[in-house]
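Chain by chain, the residues:
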Amino acid sequence: MRDLGVYAEVAPSETRAGDLAGRRGIIVSGGPASVYDAGSPTIDPQLLRAGVPVLGICYGQQLMAHLLGGTVQRGERGEYGFAQLEIASDAGRIFREIAPRQQVWMSHRDLVTRPPEGFHVLARTETCAVAAMADAAKRLYAVQFHPEVAHTPCGTQILSNFLFDVCGCATDWDPAGQIQGVEDRIREVAGARSVFFFVSGGVDSTVAYTLCLRALTPERVHGLYVDTGLMREGETEFVRANFAALGAKAFAVHDASAEFLGALAGAVEPERKRHIIGEEFVRVQQQTLDSEHYLDGHWILGQGTIYPDTIESGGTAKSELIKTHHNRVAGIQRLIEEGRIVEPLANFYKDEVRAIGRELGLSPALLERHPFPGPGLAIRCLCADGGGGLENDGGAPEKSPDGWVLPVRSVGVQGDSRTYRSVLAIEDFPASQEEAASLINRNDRVNRVVAEVWTAAPVAQMRARPAALSRERLARLRRADAIVRSMTHDSGFDHFVWQLPVVLIPFGLDGRPDSIVLRPINSVDGMTASVVRMPKGLLAEIAAQLKAVEGVAGVFYDLTNKPPGTIEWE
Ligand code: XMP
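Residues numbered from 1 in each chain as written. Predicted model: local features only at pLDDT ≥ 70, side-chain atom pairs only at ≥ 80, totals over all residues. Heavy atoms only, no water.

1. Focus: the overall build of the chain
For step 1, the next point in the chain: Within the chain, the secondary structure is distributed over 15 helices and 23 strands.
For step 2, the next point in the chain: For the chain, whose C-alpha radius of gyration is 26 Å, the value lies close to the compact-globule estimate of 25 Å for 570 residues.
For step 3, the next point in the chain: The C-alpha extent of the chain, read off along each of the three principal axes, is 75 × 70 × 45 Å.
For step 4, the next point in the chain: When burial is assessed residue by residue, the chain has 53% of its 570 residues classed as buried.
For step 5, the next point in the chain: Sequence-distant contacts in the chain: of pairs separated by 6 or more residues, those separated by 24 or more amount to 75%.
For step 6, the next point in the chain: With an accessible surface of roughly 25,200 Å², the chain has 51% of that area assigned to carbon and sulfur atoms.
For step 7, the next point in the chain: Separation between the mean location of the 58 positive side-chain charges and that of the 71 negative ones in the chain comes to 1 Å. (Helix = DSSP H or I, 4+ residues; strand = E, 2+ residues; numbered from the N terminus. Rg over C-alpha atoms; globule rule 2.2 N^0.38 Å. Buried < 20%, exposed > 50% of the residue type's maximum accessible area, 1.4 Å probe, protein only. Contact = heavy atoms within 4.5 Å. Areas by Shrake-Rupley, 256 points an atom, 1.4 Å probe, with all protein chains shown as cover. Lys, Arg positive; Asp, Glu negative; His and termini not counted. Charge placed at Lys NZ, Arg CZ, Asp CG, Glu CD.)

2. Observations regarding helix α1 (residues 59-67)
For step 1, the next point in the chain: Here α1 lies mainly inside the structure; seven of its nine residues are buried.
For step 2, the next point in the chain: Those residues of α1 that fall on the buried side of the exposure criterion are Tyr59, Gly60, Gln61, Gln62, Leu63, Met64 and Ala65.
For step 3, the next point in the chain: Buried residues in α1 make contact with β1 (26-28), β2 (54-57), β3 (71-87), β4 (101-114), β6 (132-135) and β7 (140-143).
For step 4, the next point in the chain: In the segment just after α1, Gly69 is the residue with positive phi, at about 95 degrees.

3. So, the pattern of salt bridges
For step 1, the next point in the chain: Per the counting criterion, the structure on display carries 33 salt bridges.
For step 2, the next point in the chain: Note that Arg96 is salt-bridged to Glu97, the shortest N-O span being 2.7 Å.
For step 3, the next point in the chain: Ionic contacts of the salt-bridge type, sharing partners, join the residues Glu472, Arg473, Arg476, Asp514 and Glu550 into one network. (Salt bridge = Lys/Arg side-chain N within 4 Å of Asp/Glu carboxyl O.)

4. Focus: the confidence of the model for the chain
For step 1, the next point in the chain: For the chain, the average pLDDT comes to 91, and 95% of its residues sit at 70 or higher.
For step 2, the next point in the chain: The model gives residues 312-325 a pLDDT under 50, and that stretch makes 18 contacts with residues more than four places away or in other chains. (pLDDT = per-residue confidence, 0-100.)

5. Some points on the sheet that holds strand β14 (residues 403-414)
For step 1, the next point in the chain: Sheet architecture is open: seven strands sit in the order β13-β14-β15-β16-β23-β20-β18, paired in mixed fashion. Since the sheet does not close on itself, it has two edges, and those belong to β13 (398-400) and β18 (502-505), each with one partner. Sheet twist, expressed as the mean angle between neighbouring strand axes with direction ignored, is 40 degrees.
For step 2, the next point in the chain: With nine bridges connecting them, β14 and strand β15 (residues 417-426) associate as antiparallel partners. (Pairing = 2+ DSSP bridges. Axes fitted to C-alpha atoms, helices over the stretch in contact; angles between N-to-C directions.)

Written out as structure tokens, the structure reads:
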């Protein structure tokens, strides 16, 4: 809705109709539950009787039918993926300016089998007789398919029809137009106090910091960047230069790399590494708060929290893990409890934060950066102790009918569960992504498949060996990552991917103990991801440069979608 220029908020399903008085329209979203399950989410039925236009999507359609006396049943089979929608000729307003046959995206098993009284069926698919329905007199509309995803090309038109024709909204929202109001609010919250930030160097914390700089004076906005020793090449200098360009006067870099790397010295297992990093963050933050008097009454804490972080179900599971650690910092907890906190971006989505950043004149190099995980290179530098981190004792790959099963395990996700399995290496790129997927389905010992791009010796002769998060290995990964970043940037390929992790795995030869894996993917929110293939010429050039990196024995290309592979290898 906001992309269409109309202000919209997300509210929990328990919200009472009375609390939504004055809204011009309500959308009831999809969700994984079944309306007949005990405890499944529902809405205040008064919302459907208040005379306000309502659009139900997927579960929202089923809920509307259920609450108004229609019938919802479990389908004989599910409908997942593309479907052909046939729209009735008298479908009316929400299908205005839309051709009668459309491709739409479906993801459901339950369906409405009998609409409530007063409703008309507006559209159908082969599997779903009630793919859209409406009681136009009461301004209640519902669709079983998902108009909000890119796979439903007419979806934006449907949402726009609902917003402007049915609800009668006018455009009233432009994130860049909010800057003045946000700055006023910062001044109001801060009063005579100053603001202190732990900045990551990423888009959110930098934009939040900049807004405070503008609202207050540079002397009153302190920022601390913690160098964990797990950052990419040039990162600390990049962040320092950005803050200098913003006019920050009280910006400091705290080098905690010795503490982080010391604490991580013997860690191999992915979750253990994450835990240690979280604990270290807590320690450094508490130490800073204690030693710099930021806890006294002259200070409030600034944070780059954005809107999805404040929505109950938002955030990725793993970023949550890191954030729980942050939240547990007693000093921060105290500041939050005392209301001594300012979150200038708490009302904005990521794209809106970028728009505000552009309006503030922040550099495109900062605003268009790929997302980078908080634990940094630690989760892209795989470790092994000869036991837990290795699949088989000798550390040798095993021949399988499809290729080589490497003695290296990585994290994956299947169903809703985490997996930790071996990697299948194949000699050539398969003709299609389906072929790559079927290789994983055929081999239940693996959760990933990679293609060999270059190896210094045949894979059969390479071995996995014990390896830690040492400065030496991090430097190797940092170099490889910098090469890949610079070459994909210069060629423009970085615009075709959402993220491009470069991973170091402890699989190589004497004198060249590690290999590099390239993982270019596309994604909308990191929850699912699809592999992106790089042009052959570019891949050859990158491999030629990676060959020259000290200690590197091979280059592989990850061909695994998420699921079953996660984006990070851990
Ligand atoms: P996975 O590996 O779960 O990653 O497929 C999904 C997205 O989340 C990012 N990621 C993180 N981001 N802190 C973050 O801020 C974290 O601890 C973290 N772990 C993973 C990952 O880079 C990808 O974009």
